[in-house]
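# An overview of the molecular structure
The lines below spell out each chain.
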Amino acid sequence: MNLTSGVLAALAATFVCAPVRAQAAEHSLPHLVHQDGRFALFVDDAPFLILAVEDQDIGLESTWPGRAKEWSAIDYLNANTDEVPIYWDEFEPQPGKYDYSSIDRLLTEARQHNVRVVPLWFATYKNGSQHYMPEWMLQDPHRYSHVINRNGEAVDSPSPFAAASLEADKRAFAAFMRHLKDADAQRTVIMVQVENEPGSWESVRDFSPDAQKVFEAPVPPEVLSAMNVRSAAPSPDWPEAFGPNADEYFHAWAVARYVGQVAAAGKAVYPLPMDANVAVRDPFNPGPAGQPGASGNYESGGATDNVIPIWKAVAPAIDILGPDNYRADPAAYLKVLELYHRADNALFLPESGLPGGDAASAEANSRFFFTALGLQAIGVSESDNAPEPWLAMNFRLLGPMQRDVARLNFAGELQSVAEPQRFPNGDQGKLVQTLPFGSWNALVSYGTFRWGSAAANPLPKGRALVARLADNQFLVAGYFCRVDFVPAGTEQQRETQHIVLGTGQTPSALIDGKWIHRQFLRVEQGVYENGNFKFLRTQNGDATDFGLVFGDEPAVLRVSLSTY
């Protein structure tokens with residue numbers, strides 16, 4: 001792979017990095033790097049894996065006693081990042097009068113707990129409504145107007161055509177970012193979320209007179225290009241260009257343009273990475289956008305999977321479009337990950353979980369954190385409302401080694417998988433998953449058995465991570481699974497020869513007419529402390545004869561292989 005010298009230096013630095021949460025002396029600006037088709041969030045000039053706790057019920061000074069609960073949840077989950085709402089109504093209680101005291105307190109406490117921060121800017125939009133606009137704006141709905149539905153009624157959603165709202169939001173956000181720039185030389189804040197699930201639930205778009213004029217005007221060329229529209233009309237309006245999707249696509253453009261301008265105003269002051277979170281739609285059976293009461297109804301205007309190109313074209317100041325993934329159905333959850341894992345979009349889950357779902361489903365779906373890692377995710381945020389043990393398991397395993405995980409993932413040397421879903425009378429999924437690493441294949445099967453053939457966990461909750469450290473050397477970790485390695489031959493052999501896998505206790509392969517067997521030279525079990533691997537003991541004999549078995553305790557192995 002062809003990395004620039006600067007990126008190589010940053011990657012090399014992680015081998016001798018300071019403690020995971022310590023801050024580098026230079027305090028360079030966090031930034032997103034896109035290299036060889038992969039993304040990484042660089043913090044202190046090295047890849048950083050966001051393991052975040054998010055609680056929208058904890059804001060600024062009016063609810064500050066609740067921060068003790070937040071820090072407790074962070075400690076429990078072994079998270080390295082805190083997602084914290086910044087409420088516009090508390091930040092700017094009077095026009096142009098900004099209250100920075102609670103932000104400063106947040107930064108101070110985050111540093112005391114060695115935790116990074118991603119502020120969530122709850123301003124014009126919070127879940128499609130304007131409930132965090134300052135009171136002085138809410139009292140003037142004519143100036144700071146709402147969306148008008150088809151019937152000419154104002155709905156509980158801010159209009160993306162309200163120029164006064166936009167200018168006020170831009171000024172306030174720029175003031176917030178300016179204060180961060182002045183107050184956070186330590187770079188405690190690593191990214192900022194702009195608005196929260198923007199869009200409208202009660203109308204597919206704004207039908208106000210101002211909006212209607214724009215709807216009947218030509219579609220901006222960048223939108224036509226982004227959506228690959230070839231129209232017979234030289235300058236088509238929205239209905240001509242998009243037919244039955246015109247209302248929805250128009251609203252996506254309007255909301256993206258609004259949020260993008262807010263983001264650009266803040267980034268001009270302090271260019272931190274910025275994300276926008278998305279209230280996702282059902283990836284298989286989406287209903288109509290912005291039609292309350294309809295089956296499958298979803299929020300119109302946000303960066304749902306069908307309008308991601310519009311958001312990317314119109315709001316370039318937004319670096320990441322992140323899905324809030326609460327899908328209970330495993331297939332739908334995985335499909336959302338796939339849709340937002342794009343060549344032009346780093347995969348980041350600003351919210352993930354199953355609020356109100358049954359405990360078994362929540363426990364099983366927690367394994368998909370490893371699926372996200374396998375798609376080069378730069379991070380995941382979990383709710384701290386009910387920090388159950390199965391949520392803590394992922395962070396407790398990965399947190400201490402997050403720098404190595406992020407570095408190896410960005411370098412393309414890491415693969416991770418989760419146990420497939422199994423149905424009584426349907427697709428059973430693969431009992432053994434194969435992860436190719438050149439001359440070796442890593443074989444992942446599930447269940448905490450030590451001997452015998454692959455089976456499955458009664459509740460599908462297995463997960464595994466394998467990363468190549470050097471030739472014939474691997475880092476392996478996981479839960480409720482077994483990992484082994486089988487020779488895969490050279491690249492030429494894999495291309496030209498039929499390789500037959502053996503069936504004995506020791507993985508082997510018939511390559512060019514000769515049986516080649518795997519052997520473990522050394523298996524070291526250890527833990528990561530302050531970002532460094534601490535050797536505890538070796539594994540051998542019964543512990544490794546049938547592969548490397550992982551149960552419900554966090555375990556990390558460093559494995560050296562050879563053949564005979």
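To keep things clear, this report deals only with the structure shown in the data block.

Further remarks concern the side chain of T124. Mapped onto the elements of the fold, T124 is located in strand β6 (residues 116–126). Looking at T124, its side chain comes within polar contact range of the side chain of Y258, at 2.8 Å. Not counting residues within four places of it along the chain, the set of residues in contact with T124 comprises W88, S129, Q130, M133, P158, S165, D169, E195 and Y258.

What follows concerns the packing of helix α4 (residues 101–112) against helix α6 (residues 163–183). Running from amino to carboxyl end, α4 crosses α6 at an angle of 40°, the nearest separation of the two axes being 11 Å. By the angle between their directions, the pair α4 and α6 is classed as oblique. Read as a crossing pair, α4 and α6 show a hand that is right-handed. Contacts from I103, D104, L107 and R111 of α4 reach α6 at F176, H179, L180 and A183.

All right, on to the sheet that holds strand β1 (residues 31–35) then. Taking strand neighbours across the sheet as the criterion, the three strands line up as β1-β2-β3 in an open arrangement whose pairing is antiparallel. Each of the sheet's edge strands pairs with one partner strand only, and the pair in question is β1 and β3 (46–48). Direction aside, the axes of adjacent strands within the sheet are offset by 55° on average. Summarising the sheet, β1 and strand β2 (residues 38–43) pair through five bridges and their orientation is antiparallel. Bridging from a neighbouring strand, H31 pairs with F42 of β2. Contacting β1, β2 and β3, helix α16 (residues 402–410) crosses the sheet at an angle of about 105° to β3.

Strand order in the closed barrel formed by eight strands is β4-β5-β6-β9-β10-β11-β12-β13, with parallel pairing between adjacent strands. Strand-to-strand twist of the sheet, defined as the mean angle between neighbouring strand axes without regard to direction, takes the value 30°. In terms of strand pairing, strand β9 (residues 192–196) meets strand β10 (residues 274–279) through two bridges, oriented parallel. Of the residues in β10, the one forming a bridge with Q193 is D275. Where helix α2 (residues 67–77) meets the sheet, it contacts β4 (50–54) and β5 (81–87), and its direction lies at approximately 155° from that of β5. Taken strand by strand, helix α12 (residues 330–340) contacts β10, β11 (320–325) and β12 (348–352), and its axis lies near 175° from that of β11.

Turning to empty space enclosed by the protein, a few remarks are in order. In this structure the tally under the stated criterion is two cavities of 30 Å³ or more. In this structure, the largest cavity spans a volume of roughly 90 Å³. At the level of elements, β2, β3 and α16 are the ones that each hand at least two residues to the lining of the largest cavity. Residues of the lining of the largest cavity, tallied by class, amount to 11 nonpolar, two polar and no charged. I86, I103, L106, L107, V117, P119, F176, L180 and V189 together form the lining of the second largest cavity. Of all the secondary-structure elements, those providing two or more residues to the lining of the second largest cavity are α4, β6 and α6. For the lining of the second largest cavity, the element with the most residues is α4, which contributes three residues. Residue classes in the lining of the second largest cavity are distributed as nine nonpolar, no polar and no charged.

Along the chain, S562 falls in strand β25 (residues 556–563). S562 gets classed as buried once you look at its relative accessible area, which sits at 16%. When sequence neighbours within four positions are dropped, the list of residues in contact with S562 reads W440, H517, R518, Q519 and L521.

Moving on, we get to the environment of Q497. Looking at where Q497 falls in the secondary structure, it is placed in the loop between α17 (491–496) and β20 (500–501). A sequence separation of 13 residues divides Q497 from L510, and the C-alpha atoms of the two residues are 9.9 Å apart. With residues near it in sequence (within four places) discarded, Q497 still touches Q492 and D512.

We now examine the environment of G260. Its place among the elements puts G260 in helix α10 (residues 246–269). Owing to a relative accessible area of 6%, G260 belongs among the buried residues under this scheme. Taking the C-alpha atoms as reference points, G260 and A313, separated by 53 residues in sequence, lie 10.0 Å from one another.

Okay, the nonpolar core next. Membership of the largest hydrophobic core comes to 114 residues, with the highest contact counts inside it found for W121, F176, W238, F242, W311 and L398. Among the elements that take part in this core, α10 stands out by supplying 13 residues, more than any other.

What follows is about the pairing of strand β17 (residues 463–470). Judged from the five bridges that link them, strand β14 (residues 414–418) and β17 form a sheet pairing that is antiparallel. Of the residues in β17, the one forming a bridge with Q415 is V466. Of the pairings in the sheet, the one linking β17 to strand β18 (residues 473–479) comprises seven bridges and is antiparallel in character. Residue pairing across strands places R468 opposite F474, the latter belonging to β18. Taking the residues that link successive antiparallel strands as the turn, the β17-β18 hairpin has two residues, and the phi of N472 there is positive, at about 70°.

The rules behind the values
Residues numbered from 1 in each chain as written. Predicted model: local features only at pLDDT ≥ 70, side-chain atom pairs only at ≥ 80, totals over all residues. Heavy atoms only, no water. Helix = DSSP H or I, 4+ residues; strand = E, 2+ residues; numbered from the N terminus. Polar contact = N/O pair within 3.5 Å; in protein donor to acceptor, adjacent residues only side chain to side chain. Contact = heavy atoms within 4.5 Å. Axes fitted to C-alpha atoms, helices over the stretch in contact; angles between N-to-C directions. Parallel < 35°, antiparallel > 145°, perpendicular 65-115°, else oblique. Left-handed = near helix turned anticlockwise from the far one by under 90°. Pairing = 2+ DSSP bridges. 1 Å grid on protein atoms, 1.4 Å probe; cavity = no way out; pocket = protein on both sides within 12 Å on 5 of 7 lines; lining within 4 Å. Points joined across faces, edges and corners; volume = space filled by probe spheres on them. Nonpolar A, V, L, I, M, F, W, Y, C, P; charged D, E, K, R; others polar. Buried < 20%, exposed > 50% of the residue type's maximum accessible area, 1.4 Å probe, protein only. Core = buried A, V, L, I, M, F, W, Y, C linked by side-chain atoms within 4.5 Å.

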